[in-house]
Amino acid sequence: MKRTFQPSKRTRKRQYGFLKRTRTRTGRLILQRRRKKGRWRLVPKNTERKFNRHVPS
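Residues numbered from 1 in each chain as written. Predicted model: local features only at pLDDT ≥ 70, side-chain atom pairs only at ≥ 80, totals over all residues. Heavy atoms only, no water.

Asker: Would you mind going over the overall build of the chain with me for this structure?
Answerer: Broken down by element type, the chain carries three helices and zero strands. Starting at the N terminus, the α and β elements of the chain follow one another as α-α-α. A buried classification covers 12% of the 57 residues belonging to the chain. Taking all contacts inside the chain whose residues are at least 6 apart in sequence as the whole, residues at least 24 apart take part in 46%. (Helix = DSSP H or I, 4+ residues; strand = E, 2+ residues; numbered from the N terminus. Buried < 20%, exposed > 50% of the residue type's maximum accessible area, 1.4 Å probe, protein only. Contact = heavy atoms within 4.5 Å.)

This is the structure in structure tokens:
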């Protein structure tokens, strides 16, 4: 029998990520509430947008 939680990093980012939250009005309200409360993390773990540094090798 298949379990209920079938994790996918892509789906997680797209549904609950920072960019998704900033694009909708309700998403921005969520971020606003979390900032007001003083949350260290505004979006769930592993949904942050990470950029690679451009360092010459």
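Still more to cover.
Asker: When you look at the side chain of R21 in this model, what are you seeing that I'm missing?
Answerer: Counting through the fold element by element, R21 comes out in helix 2 (residues 18-23). Residue class for R21 comes out buried when judged on its relative accessible area of 15%. Residues in contact with R21, not counting those within four places in the same chain, are Y16, G27, R28, I30, L31, L42, V43 and P44.

Asker: I would appreciate a short explanation of the environment of F18 in the present structure.
Answerer: Structurally, the position occupied by F18 is in helix 2. For the pair F18 and L42, spaced 24 residues apart in sequence, the C-alpha to C-alpha distance is 7.8 Å. With near-sequence residues (within four places) excluded, F18 lies in contact with L31, R35, L42, V43 and T47.

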